[in-house]
Amino acid sequence: MKKNNPLITGTIILTITGFASRFIGFFYRIFLSRVFGAEGMGLYQLTSPVLALTFSVTVSGMQTAISKYVASETTTRDYRSSFRTLFTGFSISMLLSAVCAAYIYTFSDMIAGKLLFEPRTAPLLRIISLSIPMATVHSCINGYFYGIRKTAVPSLTQLAEQIVRVGSVYFIYAIYHAKGYSPTISFAVVGLVIGEGASMLVSLIAIYCRFYSLSMSRHLASRHSASRHLVPQIHMPVFSFRQHAGKLLSLAVPLSLNRTLINFLQSIEAIYIPQCLMRYGYDNAKALSVYGVLTGMALPLILFPSAITNSISVLLLPIVSEADSTGNHGTIRKAVRKSIQYCLLLGFLCTALFLCFGRLAGMLLYQNALAGSFILTLSFICPFLYIASTLNSILNGLGKTIQTFTFSMLSLLFRLLFVFYAIPLFGIQGYLWGLLASQLLQTLLCILAVRKYLK
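The structure displayed is predicted, hence computed values, not measured ones.

Would you mind going over the overall build of the protein chain in detail, with residue names and values included?
Helix and strand content of the protein chain: 16 helices and zero strands. Across the 455 residues that make up the protein chain, the buried fraction comes to 53%. For the protein chain, the accessible area works out to roughly 20600 Å², and carbon and sulfur atoms hold 68% of it.

Here you go:
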């Protein structure tokens, strides 16, 4: 393997920082679970659907669009156009994020009571709304750096966000504990906002340094060639803004609509799991506790190795997109085969590891036997989860976004059947069966979609 291969080097960088971030996150989850308990974790996790929906509306599609068009433009060294693309996408996303943040802050009581069915999440939503514009800033800038395959910057922003979030929550908790005050789960939400602020600051510094470096290089080149000085400026005439906006929106809008609908269904799933557990026979506190153990303890451990496949997925999109535009089917074929091969290997190793040590991990890390039981059952999901994530990225790079959307929709709808019909009959075990079955369905559909590259 060549050291200068952008997929390999980028994957290594993203994987190292991803593992470091998740390693820090593990201790953070352990800390939260012991300080705030399973019910507190359940309340914290209930706010996740709101964040996911706002992310899909404001910046998810735009980040991908920026990454795709910047990747194609840097092959021609047209840095001015790349910055215009970033600035245009950033402007659109910031407008949307400001609207979403204001709406959530203003109507937090209604969202908590009528949509999440848990009025105690209202103050958490008001705090979370402050993080939305910050997340939009670094997501757009990360999309630019993913496009030019400089993964160090997104990795650094991710690590900075995690370190500052965990450090700030622990610092606030230590102060309150020293004064004899009882901690609340809102500390974790405040830490989330502080962490997003740190990530935004790092990304802004990085894009400024990038812009300044290119400006100086062009300035020196102009002087050397004795030509007139042309220092790049982000100057956005109206017609240029409209041109870039139309191009970006043509890709971002379908992606955002798809992801918004998917996240909407995922939100229904997350909100109704505790409700269906109460239909099974649990009271509100017990239902939130079980939900918190599953989503705040067991699933993060199962998803820990996906730092590798997530890194590959992020970098596969621009590489496959470029190969597709140049008709390089050999690169696409190799990407598909290697993705399946290595994800299967990683998946089987992780399944064996969780089967052997899952119960021990639940007790050792979280002091919770139920978490260990969940880890054992969910261990079988690993191979299918890793293959589907990488193949989805390849299909998006090939422009088959409708297919990936359809596959995700079918998988989610299939899982929702288990939420509404299996959980009331079999408890949380019915949902675990649904997770396994839906992930298997999505993986099979993705393999069928790329079957021509397997011949």
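Next, the rest of the story.
Quick rundown of the environment of Pro-274? Include the residues and the values.
Residue placement: Pro-274 occurs in helix α9 (residues 238–280). Each C-alpha atom, one on Pro-274 and one on Ile-423, is 9.6 Å from the other, the two residues being 149 residues apart in sequence. Ignoring anything within four residues of it in the chain, the contact list for Pro-274 reads Ala-287 and Tyr-291.

Quick one: what's the story with the layout of surface pockets, residue by residue and with numbers?
Of the pockets and cavities examined, the second largest pocket occupies roughly 390 Å³. Val-50, Leu-53, Ile-111, Leu-115 and Phe-264 are the residues nearest the centre of the second largest pocket, which is lined by 17 residues in total. Put simply, the parts of the chain that give the lining of the second largest pocket at least two residues each are α2 (48–74), α3 (79–106), α4 (108–115) and α9. Among the elements that make up the lining of the second largest pocket, the one with the highest residue count is α9 (five residues). Classifying every residue of the lining of the second largest pocket gives 15 nonpolar, two polar and no charged.

With reference to specific residues and values, describe the pattern of salt bridges.
Taken as a whole, this structure holds five salt bridges when the rule is applied. One salt bridge in this structure joins Glu-39 and Arg-120, with 3.2 Å as the shortest N-O distance. Placement of Glu-39 in helix α1 (residues 6–46) and of Arg-120 in the loop between α4 and α5 (122–129) is noted, with a sequence separation of 81 residues between them. For the salt bridge of Arg-165 with Glu-161, the shortest nitrogen-to-oxygen distance reads 2.8 Å. A residue pair is termed a helical-turn pair when its members lie 3 or 4 positions apart in one helix, as Arg-165 and Glu-161 do in helix α7 (residues 152–178) at four residues. A single burial state applies to Arg-165 and to Glu-161, both of which are buried.

Let's hear about the nonpolar core: which residues, and what values?
Nonpolar side chains tend toward joint burial in soluble globular proteins. Counting residues in each nonpolar core, the largest one holds 59 residues, and the members touching the most others are Ile-273, Val-336, Phe-374, Leu-391, Ile-394, Ile-428 and Tyr-431. Leu-391 has contacts with Val-336, Ile-340, Cys-446, Ile-447 and Val-450, leaving out every residue within four places of it along the chain. Membership of the second largest hydrophobic core comes to 24 residues, among which are Met-62, Phe-145, Ala-245 and Leu-248.

Before we move on, can you summarise the environment of Ser-313 with the specific residues and values?
Note that Ser-313 resides in helix α11 (residues 306–325). Spatially, the C-alpha atom of Ser-313 lies 9.6 Å from that of Tyr-386, the residues being 73 residues apart in sequence. Excluding its chain neighbours within four sequence positions, the residues that come into contact with Ser-313 are Ser-389, Thr-390 and Ser-393.

Lay out the packing of α4 against α5 in plain terms, naming residues and giving numbers.
Two numbers describe how α4 lies on α5: the axes approach to 8 Å, and their chain directions differ by 130°. Judged by the inter-axis angle, α4 sits oblique to α5. Judged by the twist between their axes, the crossing of α4 over α5 is right-handed. Contact with α4, carried on its side by Ser-108, Asp-109, Ile-111 and Ala-112, involves Ala-122, Leu-125 and Arg-126 of α5 and no other residues of that element. Residue classes in the contact of α4 with α5 are distributed as four nonpolar, one polar and two charged.

About the thresholds
Position numbers for residues count from 1 along each chain, tracking the sequence in the order it is written. Side-chain atom pairs in this predicted model are given and counted only at pLDDT of 80 or more, local residue features only at pLDDT of at least 70, and totals for whole chains, interfaces and linings cover all residues. Note: side-chain values were computed over all heavy atoms of the structure, leaving out hydrogens and water. Strands are runs of DSSP state E lasting at least two residues, helices are runs of H or I lasting at least four, and both sets are numbered from the N terminus onward. Any residue under 20% of the maximum accessible area for its type is buried, any over 50% is exposed, and the rest in between are partly exposed; the area is computed with a 1.4 Å probe on protein chains only. Accessible areas in this description were obtained via Shrake-Rupley with a 1.4 Å probe; residue shielding takes into account the shown protein chains only. It only takes one pair of heavy atoms within 4.5 Å for two residues to be counted as in contact. Site definitions follow a grid-based scheme: protein atoms alone, a 1 Å grid, a 1.4 Å probe that fits but cannot get out for cavities, and for pockets an open set with protein on both sides within 12 Å along at least five of seven lines, plus lining residues having an atom within 4 Å of a point. Grid points are joined across faces, edges and corners, and a volume is the space filled by probe spheres set on the points. Just so you know the grouping, Ala, Val, Leu, Ile, Met, Phe, Trp, Tyr, Cys and Pro go in nonpolar, Asp, Glu, Lys and Arg go in charged, and all remaining residues, Gly too, go in polar. The rule for a salt bridge is simple: a side-chain nitrogen of Lys or Arg has to be within 4 Å of a carboxyl oxygen of Asp or Glu. Residues belong to a common nonpolar core when they are buried Ala, Val, Leu, Ile, Met, Phe, Trp, Tyr or Cys residues joined through side-chain atoms within 4.5 Å. Comment: axis = line fitted to C-alpha atoms, over the contacting stretch for helices; angle = value between 0 and 180 degrees taken between N-to-C directions. When an angle is under 35 degrees it counts as roughly parallel; over 145 it counts as roughly antiparallel; between 65 and 115 it counts as roughly perpendicular; any other value is oblique. Helix crossings are classified by the rotation of the near helix relative to the far one: an anticlockwise turn of less than a right angle makes the crossing left-handed, while a clockwise turn makes it right-handed.

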